[in-house]
Amino acid sequence: MKLVTFEVNNEEKFGIYTEEGIVDLTAKTGIKDIKSALEQNMFDSLSAYVSDGVDYQMNEVKLLPVITNPSKIFCAGVNYDEHRLETKRDHTPHPTIFFRVPRSQVAHNAPMIIPQESERFDFEGEIAIVINKEGRRISQEDAYDYIAGYSCYNDGSVRDYQLHTSQWGPGKNFEHTGAFGPWLVTADEFKPGEVLTLETRLNGEVMQKADTSLLLFSIPELIEYVSSFITLEPGDVIVTGTPGGVGAKRNPPVFMKDGDIVEVEVSKVGILTNPIKSEKLIQAEREASGTVEVTHS
């Protein structure tokens with residue numbers, strides 16, 4: 001089952017994506033979003049509504065990030081050896097974890113924005129998992145029982161700010177720099193431990209390619225580690241790491257620019273596609289059209 005979060009007439013909804021269109025689960029169940037369905041233990045019953053028929057075509061809705069309101073977004077850093085080597089970092093005995101905030105995210109087909117403070121906006125294709133139930137100190141053996149599903153993620157990185165200090169938070173949390181979508185494929189579509197492939201393309205050129213067998217810390221290890229220090233809750237997101245090939249470590253470096261198209265493809269999940277837009281150019285266009293008032297200090 002593919003679950004999408006979308007907006008119609010300024011109302012956030014969620015539903016099931018099918019080849020025929022979208023089944024509106026908010027209208028049929030009264031549940032607002034995917035996180036609420038998980039919290040209310042309704043997740044396993046949602047597939048029954050597929051037979052009700054579709055309510056919208058994809059071109060009639062605006063997609064939103066898969067989980068718009070997660071209480072926590074955990075990201076694993078340097079979790080593929082090729083990326084660890086290109087960044088010249090030591091292999092640590094424990095995962096490197098940093099955080100994103102929901103406001104930093106955009107949906108499938110929405111523009112990822114190069115902030116006006118940056119000349120070094122980089123791609124990072126990743127696989128995201130969503131947590132389905134509350135858990136603390138979860139063992140690796142039980143970890144797959146806590147996964148609601150899988151999605152694509154682009155951990156767009158503002159390298160200028162990321163490298164200001166040893167703390168990565170600012171460079172990972174500019175507004176509209178990370179992408180999450182297009183949908184959540186439920187965990188029942190996968191075997192526990194099934195190897196998933198990940199590919200990132202910039203303007204059609206493959207920049208990153210790996211699979212989950214190459215993770216330094218597996219998905220169960222990440223769940224075990226994160227849940228050792230905090231309680232995982234329904235709707236929490238764990239972004240599992242990016243492979244080698246990031247733009248900052250290429251010779252010469254390759255950073256995303258206005259007009260680029262970046263794609264993150266995960267096997268059995270789909271393709272997350274985002275155009276790249278420059279905040280400076282957006283602002284200049286608005287000023288030229290007179291849609292914003294220009295103030296000078």
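Engineer: Explain the layout of surface pockets to me, using residue names and the numbers behind them.
Structural biologist: The rolling of a water-molecule-sized probe over the atoms marks out the regions of remaining empty space. The space that makes up the largest pocket amounts to roughly 410 Å³. Forming the boundary of the largest pocket are 20 residues, of which Phe43, Asp44, Asn132, Ile147 and Ala148 lie nearest the centre. Among the elements that make up the lining of the largest pocket, the one with the highest residue count is strand S11 (residues 147-154) (three residues). For the lining of the largest pocket, the residue count by class is 11 nonpolar, four polar and five charged.

Engineer: Provide a residue-level description of the packing of aromatic side chains, including the pertinent values.
Structural biologist: Following the criterion strictly, the structure yields nine aromatic pairs and no others. Relative to Tyr56, the ring of Phe6 has its centre 5.8 Å away and its plane inclined at 65 degrees; by these criteria the two rings are edge-to-face. Separated by 50 residues along the polypeptide, Phe6 in strand S1 (residues 2-8) and Tyr56 in the loop between helix H2 (34-39) and strand S4 (62-63) bring together distant segments of the chain. Under the relative-accessibility criterion, Phe6 is labelled buried at 0%. Look at Tyr56 and you get buried, because its relative accessible area is 19%. The cationic tip of Lys133 hangs over the ring face of Tyr146; the distance from NZ or CZ to the ring centre is 4.7 Å.

Engineer: Residues and numbers for the nonpolar core, please.
Structural biologist: In this structure, Tyr150 and Ile223 are the most contacted members of the largest nonpolar core, which totals 51 residues. Sort the elements by how many residues they give to this core and helix H5 (residues 219-229) lands first, with four residues. Dropping the residues within four chain positions of it, Ile223 is found in contact with Ile129, Ile138, Ala143, Ile147, Leu232 and Ile238.

Engineer: Talk me through the sheet that holds strand S17 (residues 261-266); I want residue IDs and the actual numbers.
Structural biologist: With respect to topology, five strands assemble into an open sheet ordered S8-S18-S17-S14-S15, the strand pairing being mixed. Each edge of the open sheet is held by one strand with a lone partner, namely strand S8 (112-114) and strand S15 (205-211). Pairs of neighbouring strands in the sheet enclose a mean axial angle of 20 degrees, with direction left out of account. Of the pairings in the sheet, the one linking S17 to strand S18 (residues 270-278) comprises six bridges and is antiparallel in character. Looking at the pairing, Val264 lines up with Leu272 of S18. Most of the contacts of helix H6 (residues 279-289) go to S18, to which it runs at about 55 degrees, and overall it touches S8 and S18.

Engineer: How would you sum up H5? Please name residues and give values.
Structural biologist: Buried residues of H5: Ile219, Pro220, Leu222, Ile223, Val226 and Ser227, and no others. All buried residues of H5 fall inside an arc of 160 degrees around its axis, so they share one side.

Parameters at a glance
- Residues numbered from 1 in each chain as written.
- Predicted model: local features only at pLDDT ≥ 70, side-chain atom pairs only at ≥ 80, totals over all residues.
- Heavy atoms only, no water.
- 1 Å grid on protein atoms, 1.4 Å probe; cavity = no way out; pocket = protein on both sides within 12 Å on 5 of 7 lines; lining within 4 Å.
- Points joined across faces, edges and corners; volume = space filled by probe spheres on them.
- Helix = DSSP H or I, 4+ residues; strand = E, 2+ residues; numbered from the N terminus.
- Nonpolar A, V, L, I, M, F, W, Y, C, P; charged D, E, K, R; others polar.
- Phe/Tyr/Trp six-rings, centres within 6.5 Å; stacked < 30°, edge-to-face > 60°.
- Buried < 20%, exposed > 50% of the residue type's maximum accessible area, 1.4 Å probe, protein only.
- Lys NZ or Arg CZ within 6 Å of the ring centre and 35° of its normal.
- Core = buried A, V, L, I, M, F, W, Y, C linked by side-chain atoms within 4.5 Å.
- Contact = heavy atoms within 4.5 Å.
- Pairing = 2+ DSSP bridges.
- Axes fitted to C-alpha atoms, helices over the stretch in contact; angles between N-to-C directions.
- Arc of directions from axis to C-beta.

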